[in-house]
Amino acid sequence: MSLSVALNTARSSLLTTSTQIAVSGANTSGALDPSYSRKIAMSVTAGDGSVRIVSIGRAADTSLYYRMLDATSRTAASQARLEGLDKLHQTVGDTEDARSPAARLGKLLDALNQYANAPQDKVLAGQVLSQASGLVTTLNEAAKTVTTTRQEADAEIAKSVSRVNDLLSQFEELNRAVVKGTATGADVTDLLDKRDMVLAQISEEIGVNVVTRENNDMVLYTDGGVTLFETSARKVEFTPTLVYGATTVGNQVVIDGVPVTGNTTMPLRSGRIVGLMEVRDVTTVAYQNQLDEIARAVIDIFDTGTAAGGLFTQVGLPAGGGLRPGLAADIRINAAYDPDQGGSLDELRDGDTNPTGEASYSARLFELIDRFNATRGFDPAAGIQTSGSLVDFSSSSVGWLEARRSSAQTDAAYQETVLARASDALSTATGVNLDDELALQLQLERSYSAASRLIAVIDEMLRSLLEAVR
């Protein structure tokens, strides 16, 4: 080997090792960044023995990355469902909790039984009114919580859509830079990391499927098949539903003119928006129907056709008036039974059937108890039993909500575990191991020192040769 060839080999080795050390140093700096992928300096050996860096690559595992994206979307949907059910759970507690409609109904029935056995006792009559007022308050507050939960879910959907549009704008800019850099042979590894990070954030809101084309160009589809990004970002649209009532139908999310929520042929299947839509349009609607059915039944039980009407009535309608959706929010105590509103406690005992006001009269009270315990029909839209006593129905409502909440907790925990394992597997495959990186740096330092010594030796030999020629 001639000295010139040896010098060229040593010089190229020095430059190559210097680049590898710089890349390894960057790996060490990015070791704690979860979005950072390990960079690799790709080298080749030429026919003359020289070594050079041809490109900077990065560790990647497409299968694991897509698995992580899917787990991210599913976890976000599960969390949104659970958060909504946790809010509704505040209205229920358990059947022994005074906050629950089931517990309030049980206490009302107990007070009614006690009063029926001592109809002359004004204190017991007052207890019936007190428990009835407590039931009204519970139903009103529960209906308010349902409405608030729907409104909050709707507002969160709007935030998610805004975030998706912002992230898609960032993704478009990064994708354009990646495609251009790849085509010109530039180092795009950091850009790829940033694009992957943005894509992971998009997957939190919407389930995403990815297709990679020439020059690292990416095309994004929702998990329902609607194009989300191809060369340019598609517009994701949602109009917040500003006013909520019992019959309100919330607005839907649209991507590039195609509905992706609600009754559609290409629905989203995962992502936070899916969980929020389920809370807004399914869970809260069914629970509202259950509360309305409880209110309807309790009004019907105490309305025996008397002139004053029943113990319970509805805002805006006379005693015994028609019912409408949202009844749980509008149910009130009939003023004819409430002394504070100019009524009389005796109205519950007497109605139109005790004209003489006999103090021991209890026939109407026992009739009310029988109606309370009687089997009745319930609307299938409530999503639980369609027949049974009111107490049984209210207990089933509690069981329905708790079962859904328990299922959501289990699913959320499972999805979080899947996401953690997918993220760990991806990190192991593409992340930086500091021990390995430090060991590599020691080897590179030795190579750098060896190349430096070789250049020094060649320099000395060339100097000696020149002196001999002189």
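Each value, and the rule that gives it
- Residues numbered from 1 in each chain as written.
- Predicted model: local features only at pLDDT ≥ 70, side-chain atom pairs only at ≥ 80, totals over all residues.
- Heavy atoms only, no water.
- Helix = DSSP H or I, 4+ residues; strand = E, 2+ residues; numbered from the N terminus.
- Buried < 20%, exposed > 50% of the residue type's maximum accessible area, 1.4 Å probe, protein only.
- Contact = heavy atoms within 4.5 Å.
- Areas by Shrake-Rupley, 256 points an atom, 1.4 Å probe, with all protein chains shown as cover.
- Pairing = 2+ DSSP bridges.
- Salt bridge = Lys/Arg side-chain N within 4 Å of Asp/Glu carboxyl O.
- Expected span 1.5 Å × (residues − 1).
- Polar contact = N/O pair within 3.5 Å; in protein donor to acceptor, adjacent residues only side chain to side chain.
- Axes fitted to C-alpha atoms, helices over the stretch in contact; angles between N-to-C directions.
- Parallel < 35°, antiparallel > 145°, perpendicular 65-115°, else oblique.
- Left-handed = near helix turned anticlockwise from the far one by under 90°.
- Nonpolar A, V, L, I, M, F, W, Y, C, P; charged D, E, K, R; others polar.
- Core = buried A, V, L, I, M, F, W, Y, C linked by side-chain atoms within 4.5 Å.

The name an unreviewed UniProt entry gives the protein is Flagellar hook-associated protein 1, with Chelatococcus caeni as the organism.

(A) Just the overall build of the protein, in detail. Looking only at helices and strands, one finds eleven helices and 13 strands in the protein. Each of the 470 residues in the protein was classed as buried or not, and the buried ones make up 43%. Contacts spanning at least 24 positions in sequence make up 65% of the contacts within the protein whose residues lie at least 6 apart. Per element, the accessible surface of the protein, about 22,400 Å² overall, is 52% carbon and sulfur.

(B) Molecular detail of the pairing of strand β5 (residues 227–230). As defined by bridge partners, strand β4 (residues 218–222) adjoins β5 across three bridges and the pair is classed as antiparallel. Counterpart to Leu220 in the pairing with β5 is Phe229. If you look at the hairpin formed by β4 and β5, you'll find four residues sitting between the two strands, and Gly225 has a positive phi there, around 105 degrees. Where β5 meets strand β6 (residues 232–233), two bridges bridge the pair, whose relative direction is antiparallel. Considered in β6, the bridge of Glu230 is made with Ser232. Counted along the chain from β5 to the antiparallel partner β6, the turn is one residue long, and its residue Thr231 has a positive phi close to 70 degrees.

(C) Expanded view of the pattern of salt bridges. Considering all chains together, one arrives at 23 salt bridges under this definition. Here Arg163 makes a salt bridge to Glu204, at a shortest N to O gap of 3.0 Å. One end of the pair, Arg163, is in helix α4 (residues 122–184); the other, Glu204, is in helix α5 (residues 189–205), with 41 residues separating them in the sequence. Classification of Glu204 as partly exposed rests on a relative accessible area of 31%. Here the residues in one salt-bridge network are Glu156, Lys159, Arg163, Glu204, Glu205 and Arg272, joined through shared partners.

(D) Focus on the sheet that holds β5. Sheet architecture is open: four strands sit in the order β3-β4-β5-β6, paired in antiparallel fashion. Edge positions in the sheet fall to β3 (208–212) and β6, since each has one partner strand and no second.

(E) Focus on helix α3 (residues 101–117). End to end, α3 covers 25 Å across 17 residues, agreeing with the expected 24 Å (1.5 Å per residue, within 8%). Of the surrounding elements, those touching the buried residues of α3 are α4, α6 (272–302), β10 (312–314), α8 (346–350), α9 (363–373) and α10 (390–430).

(F) Broad picture of the side chain of Thr138. One can find Thr138 in helix α4. Note on Thr138: relative accessible area 7%, which makes it buried. A distance of 3.1 Å separates a polar atom in the side chain of Thr138 from a polar atom in the side chain of Arg104.

(G) Quick look at the packing of α4 against α6. Where α4 contacts α6, the two axes come as close as 9 Å, and the packing angle between them is 165 degrees. What the angle tells us is that α4 and α6 run roughly antiparallel. Regarding α4 and α6, the two cross each other, and that crossing is left-handed. In terms of residue class, the contact of α4 with α6 is made up of 18 nonpolar, four polar and six charged.

(H) Summary view of the environment of Thr137. Checked against the element boundaries, Thr137 lands in helix α4. The sequence separation of Thr137 and Ile331 amounts to 194 residues, and the corresponding C-alpha distance is 8.8 Å.

(I) Here's a closer look at the nonpolar core. Ranked by internal contacts, the top residues of the largest apolar core, which has 56 residues, are Val298, Phe302, Phe312 and Leu348. When contributions to this core are tallied by element, the ones reaching two or more residues are α2 (62–89), α3, α4, α6, α7 (327–330), β11 (331–333), α9 and α10. By residue number, the principal contributor to this core is α4, which donates eleven residues. Each residue touching Phe312, except ones within four places of it in the same chain, is listed here: Leu108, Ala132, Leu135, Val136, Val298, Ile299, Phe302, Ile331, Arg332, Ile333 and Asn334. Formed by 40 residues, the second largest nonpolar core is a distinct cluster that contains Leu69, Val161, Leu228 and Ile273.

(J) Structural view of the packing of α2 against α6. The contact between α2 and α6 brings their axes to 7 Å, and the two run at 30 degrees. By the criterion of interaxial angle, the relationship of α2 to α6 is roughly parallel. Crossing of α2 against α6: the hand is right-handed. On α6, the residues that touch Ala76, Ala77, Ala80, Arg81, Gly84, Leu85 and Leu88 of α2 are Arg272, Val274, Gly275, Leu276, Glu278, Val279, Thr283, Thr284 and Tyr287. Residues that form the contact of α2 with α6 fall into these classes: nine nonpolar, four polar and three charged.

(K) Seen up close, the pairing of β3. Bridge analysis of β3 against β4 gives five bridges, and the strand direction is antiparallel. What sits directly across from Val211, in β4, is Val219. Connecting β3 to the antiparallel partner β4 that follows it, the hairpin turn spans five residues, and Asn215 within it adopts a positive phi of roughly 60 degrees.

(L) Fine view of the sheet that holds strand β7 (residues 236–237). The three strands lie next to each other as β7-β8-β9, forming an open sheet whose pairing is antiparallel. Where the open sheet ends on each side, the last strands, each with one partner, are β7 and β9 (258–259). Of the strand pairs in this sheet, strand β8 (residues 254–255) and β9 are connected by two bridges, and their pairing is antiparallel. Looking at the pairing, Ile255 lines up with Val258 of β9.

(M) Inspection of the environment of Leu419 at higher detail. Checked against the element boundaries, Leu419 lands in helix α10. With residues near it in sequence (within four places) discarded, Leu419 still touches Met68, Ala71, Thr72 and Thr75.

(N) Structural detail: the environment of Ala422. Within the element layout of this structure, Ala422 appears in helix α10. Ala422 sits 358 residues away from Leu64 along the chain, and the two C-alpha atoms are 6.8 Å apart. When neighbours within four sequence positions are excluded, Ala422 is seen to be in contact with Arg67 and Met68.

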